[in-house]
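# Architecture and fold: a report
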Amino acid sequence: MLTLALLLHLLVLLVSSAVTDASTQEDLSDLFADEATGYGPVFEEQPVETIYPEESPEAKITMNCRARASPPATYKWRKDNKDIDFSAEGSHFSLMGGNLVISDPVKEQHAGNYCCLAANTFGTVISREASVQFGYLDLFSSEERESVYVKEGQGAVLLCAPPPHYPAELSFRWILNEFPTFIPLDKRRFVSQITGNLYISKVDSSDSGNYSCIASSSSISKSVFSNYIPLVPLSERHNRKYPADLNVKFPDTTALVGQNITLECFALGNPVPEIMWKKLDGELPPNHEVRTAGAHLHLHNVQFEDSGTYQCEAVNSKGKDYHTALLSVEAFPEWVEHITSTEKDLGSRYTMSCVASGKPEPQIRWMKNGELLDRDEMSFNSLTFEDSGMYQCVAENRHGVLYANAELRVFACAPTFEHNPLKRVLAPRNGRVVIECRPKAAPKPTFTWSKDTELLSNSTRVFIWEDGSLEILNVTRADEGRYTCFAENDRGKANSTGSLLVLESTKINLAPTNADIKAGENALMQCAALHDPSLDITFIWSLDDHVIDVHTDSQHYEQFSVVACAFFVQNGSSNGALLIKNAQLKHAGRYTCMAQTPIDNATESAQLVVRGPPGAPGGVRVMNKTEKKVTLQWSRGADNHSPISKYTIQYRDAYSGDEWKKAATSPPEVEGNAETATVVDLVPWTEYEFRVFAANTLGTGEPSSPTAKEKTLDAVPVVAPSNIGGGGGTSRELTITWTPVQPQHYYGPNFGYIVAFRPFDNKEWRKVMVADPLARSYIHKDLALPPLTKFQVKVKAFNSKGEGPFSLTAVSLLSAGRSV
């Protein structure tokens, strides 16, 4: 009787479900007749920032707007948040498709912010906002420019004084005497692209002429010329030298991630100064480029890590000048997560999520059908048909605005399996299987299941999930059969039937074993599995949970996939061994073999140890320094399974270029248990970088990262000028010459020379100080002594710390040449 009752119950369910399903399809057809092919507006083209040249021969502005929609969208436009009335008398506005056309634009009426609204039966979306501005570049003032008089050897600045203009960005060039003789830019001449001014670090006679500044606006394709500025160099009997003086200094700057920016620095001075750049809180970014003979530091594709304090330094033999300013890097809003179009059941819960990154952190606001919502988040506890529409989340910071658009469609229908019927499912014996039941239905239906003629209910082995799926644990052959899912909501019923087939499960019968090798050797990881012969099997290897792609890394990996004879009547065996070739330290770790079929998988793991040279020491830094020594400290790197036996230290200075040299240490051999060492025999007042290597019995490892540049303390010079000599000059002049000391032997700041000389018959030396480290001679005029008087001469170096030894004494004669 119980079996008969169950059969009758199932029969009633099947018949009623079939009838309901048929009537539901008709309801569905009516409900989604338009929606089946329709959708809300999706922008394909939006307005962009527009600069209209005031002198444009084309007397109109076109702002583009186009949206894909079904049914087709209709369009409206807003200016400064007010709807544009196209029918107003005397209106300059018209619509062409979705595009806004402004005829005979007038600055006072039409400059402003515009946005486009596209709408159809499913809702409205609003475009990003774009401004219309009127561009202009006035003529330079007609007033005559005054002449600029400059002594030769001094610096000069010619002011451009660009005329009123919009937008702010201009480019500048200068011409000399006539167009198109442009001023070439080099170490001596520079044109600021911020002010337009022309800078000449050291004027000479060739700079004489008439100069004109050209200001160009790429936005409106216009250039204008200033009146000529005469530059008159004044000749000097003695060309005096002047220390470097920075006249162009970049300000604190804010850049956006991904931008290219240029920082400017330029100095006046005689000799012509050299410009050098550095980042005070780290190395200059790898994306930097020094241009325009050093005056421009260009940073390409700026990133957050490029922010910091930058310094430009101008140096010549008479002195130096420097300037520092801060570069801050911020970012336009960018979506981390944003809304997408979706269909949701009537009465269901739903939350829209939008997350944006940016600097400053963007603010999020929400819009529905083009209107701003007074809500911080979009959460629905129970969706209604009125919640359907076009939604937009807007992320905004001071750098810009970002829109994400999506359509929410709330629907209701009886269950239907038309697009997702149950199918045949395969399951491994003794394994787990989930049979999905995914009808389209709204509101969410209730579910029941049957196997053949038996109704199923939850037990220790069988579970009906909340989403309708059926889970069976510890599957046996007895679980094979036909399974039917019944779905019912307040709008109707439906069912669908599939089948379950139980196959043999997969088992690994040859597992990988642990291995211990040296770097450069090979290792073989075995892996074989028993599986149902009707199923394909794949072996997937992973290293520390990262899947190995043997095709892209064939240099180090080779996999064997062999199907062997049947071990048992119903089971086949396959082999998927992995060969690790020329193993490197990075190949050490836990190797896992997964034998995978379409229905299940089995895994086994083994550990591979690779012994090799040590890893790089970390945190190398200078702890103490003197004139000729520094003490380094570091932390141990990985020993890679072989004890560290010793450390080697290398150095690099400004005079060795990119070449690293072995450093002398105390003690000479740095033992493997050490974490400090003293580097000796260094040169005073010299900037050094250091790095450390570790070694063991298997070789020498990679070097550490270099230390920050450190300068040893200053000391008294020990090297004297060489090749002391003399001769030449006008009457009664004693000319003393020498070969200057190389910069690496300055040993300290304020380097110069002390020149000593005396006639042969005089016991006292006369001494003169020469402050220029590049000086090669000194001339002493003595009218009291006869020509050809013999002098003893010698020269020594000095710096802020003291005086060095004198050179060898040489002989020089007082000149007998004619006076001039």
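All values reported here derive from a predicted model rather than from experimental measurement.

### Describing the overall build of the chain
Helix and strand counts for the chain come out as 2 helices and 76 strands. In summary, the chain has a C-alpha radius of gyration of 42 Å against a globular reference of 28 Å for 820 residues, an excess of more than 25%. Along the longest, intermediate and shortest principal axes, the C-alpha atoms of the chain span 150 × 90 × 40 Å. The buried share of the chain, reckoned over its 820 residues, is 44%. When contacts within the chain are restricted to residue pairs at least 6 apart in sequence, long-range pairs at least 24 apart make up 66% of them. Put simply, the chain shows about 42,900 Å² of open surface, and 50% of that area lies on carbon and sulfur atoms. Of the charged side chains in the chain, 77 are positive and 98 negative, and the gap between their average positions amounts to 11 Å.

### Here's the deal with the sheet that holds strand β41 (residues 446-451)
Pairing is mixed across the open sheet formed by 5 strands, whose spatial order is β38-β46-β45-β41-β42. Two strands lie at the open edges of the sheet, namely β38 (425-428) and β42 (454-456), each paired on one side alone. Mean inter-strand twist for the sheet, computed between neighbouring axes without regard to direction, equals 30 degrees.

### Digging into the sheet that holds strand β33 (residues 371-373)
The strand order across the open sheet built from 5 strands is β29-β36-β35-β32-β33, with neighbouring strands paired in mixed fashion. Where the open sheet ends on each side, the last strands, each with one partner, are β29 (342-345) and β33. Looking at each pair of strands side by side, their axes are set apart by 35 degrees on average, direction ignored. Pairing between strand β32 (residues 363-368) and β33: 3 bridges, direction antiparallel. Among the inter-strand pairings, Met 367 is bridged to a residue of β33, identified as Leu 372.

### Some thoughts on the packing of aromatic side chains
On inspection of all chains with the given rule, the structure shows 17 aromatic pairs. Taking 6.5 Å as the distance between ring centres and 35 degrees as the angle between the ring planes, the aromatic pair formed by Phe 190 and Tyr 199 counts as tilted. The pair formed by Phe 190 and Tyr 199 is uniform in burial state, with each residue classed as buried. The structure contains a cluster of three or more aromatic residues connected by ring pairs, namely Trp 738, Tyr 746, Phe 751 and Tyr 753. For Arg 375, the ring lying beneath its charged end belongs to Phe 380, and the centroid distance is 5.5 Å.

### Observations regarding a nonpolar patch on the surface
A cluster of nonpolar residues, Phe 760, Leu 788, Val 811 and Leu 813, forms a patch on the protein surface that exposes about 380 Å² of accessible area. Note that Phe 760 resides in the loop between β71 (752-759) and β72 (766-770).

### Observations concerning the nonpolar core
Counting residues in each nonpolar core, the largest one holds 23 residues, and the members touching the most others are Leu 578, Ile 580 and Tyr 591. Counting only elements with at least two residues in this core, the list comes to β49 (523-525), β51 (538-543), β56 (578-580), β57 (589-596) and β58 (601-611). A total of 4 residues in this core trace back to one element, the largest contributor, which is β58. Once you skip the residues sitting within four places of it in the chain, Tyr 591 turns out to touch Met 525, Trp 541, Ser 542, Leu 543, Ile 548, Tyr 557, Leu 578, Ile 580, Glu 604, Ser 605, Ala 606 and Leu 608.

### Regarding the state of the cysteines
Inspection of every chain in the model, using the stated rule, returns 6 disulfides. There is a disulfide in this structure between Cys 65 and Cys 116, and the S-S distance comes to 2.0 Å. Here the disulfide of Cys 65 and Cys 116 is left-handed, its torsion about the S-S bond being about -70 degrees. In this pair, Cys 65 sits in the loop between β3 (60-63) and β4 (66-70) while Cys 116 sits in strand β9 (residues 112-120), placing the two residues 51 residues apart along the sequence. On the basis of relative accessible area, Cys 65 is assigned to the buried category, the value being 2%. Paired through a disulfide, Cys 265 and Cys 312 show a sulfur-sulfur distance of 1.8 Å. One quick way to see it: the torsion about the S-S bond of Cys 265 and Cys 312 is about -50 degrees, and its sign makes the bridge left-handed. Within this pair, whereas Cys 265 is found in strand β23 (residues 261-270), its partner Cys 312 is found in strand β27 (residues 308-316), the two being separated by 47 residues in sequence. Cys 312 shares its class with Cys 265; the two are buried. For the chain, numbering the cysteines in disulfides from first to last along the sequence yields the connectivity 1-2, 3-4, 5-6, 7-8, 9-10, 11-12.

### Topic: the environment of Gln 311
Within the fold, Gln 311 resides in strand β27. C-alpha of Gln 311 to C-alpha of Thr 324: the two residues are 13 residues apart in sequence and 4.3 Å apart in space. Once residues lying within four places of it in the same chain are set aside, the contact partners of Gln 311 are Met 276, Trp 277, Lys 278, Leu 280, Tyr 322, His 323 and Thr 324.

### Topic: unusual backbone geometry
A cis amide bond links Tyr 166 with the next residue in sequence, Pro 167, at an omega value of 0 degrees. Inspection of the secondary structure assignment puts Pro 167 in the loop between β14 (165-166) and β15 (171-176). Cis peptide bonds are those with omega within 30 degrees of zero, and the linkage from Ser 666 to Pro 667 qualifies with 0 degrees. With respect to the element layout, Pro 667 can be found in the loop between β63 (664-666) and β64 (670-671). Unlike most non-glycine residues, Ser 221 shows phi in positive territory, near 50 degrees. Position of Ser 221 relative to the elements: it lies in the loop between β18 (209-217) and β19 (222-225). For Ser 221, a relative accessible area of 70% corresponds to the exposed category. Not every positive phi belongs to a glycine, and Ala 293 is a case in point at roughly 55 degrees.

About the thresholds
Residues numbered from 1 in each chain as written. Predicted model: local features only at pLDDT ≥ 70, side-chain atom pairs only at ≥ 80, totals over all residues. Heavy atoms only, no water. Helix = DSSP H or I, 4+ residues; strand = E, 2+ residues; numbered from the N terminus. Rg over C-alpha atoms; globule rule 2.2 N^0.38 Å. Buried < 20%, exposed > 50% of the residue type's maximum accessible area, 1.4 Å probe, protein only. Contact = heavy atoms within 4.5 Å. Areas by Shrake-Rupley, 256 points an atom, 1.4 Å probe, with all protein chains shown as cover. Lys, Arg positive; Asp, Glu negative; His and termini not counted. Charge placed at Lys NZ, Arg CZ, Asp CG, Glu CD. Pairing = 2+ DSSP bridges. Axes fitted to C-alpha atoms, helices over the stretch in contact; angles between N-to-C directions. Phe/Tyr/Trp six-rings, centres within 6.5 Å; stacked < 30°, edge-to-face > 60°. Lys NZ or Arg CZ within 6 Å of the ring centre and 35° of its normal. Patch = residues over 30% accessible without salt bridge, like charges linked within 9 Å, V, L, I, M, F, W, Y side chains within 5 Å. Salt bridge = Lys/Arg side-chain N within 4 Å of Asp/Glu carboxyl O. Core = buried A, V, L, I, M, F, W, Y, C linked by side-chain atoms within 4.5 Å. Disulfide = S-S within 2.5 Å.

From the geometry alone we can't say anything about function, so treat these as descriptive.
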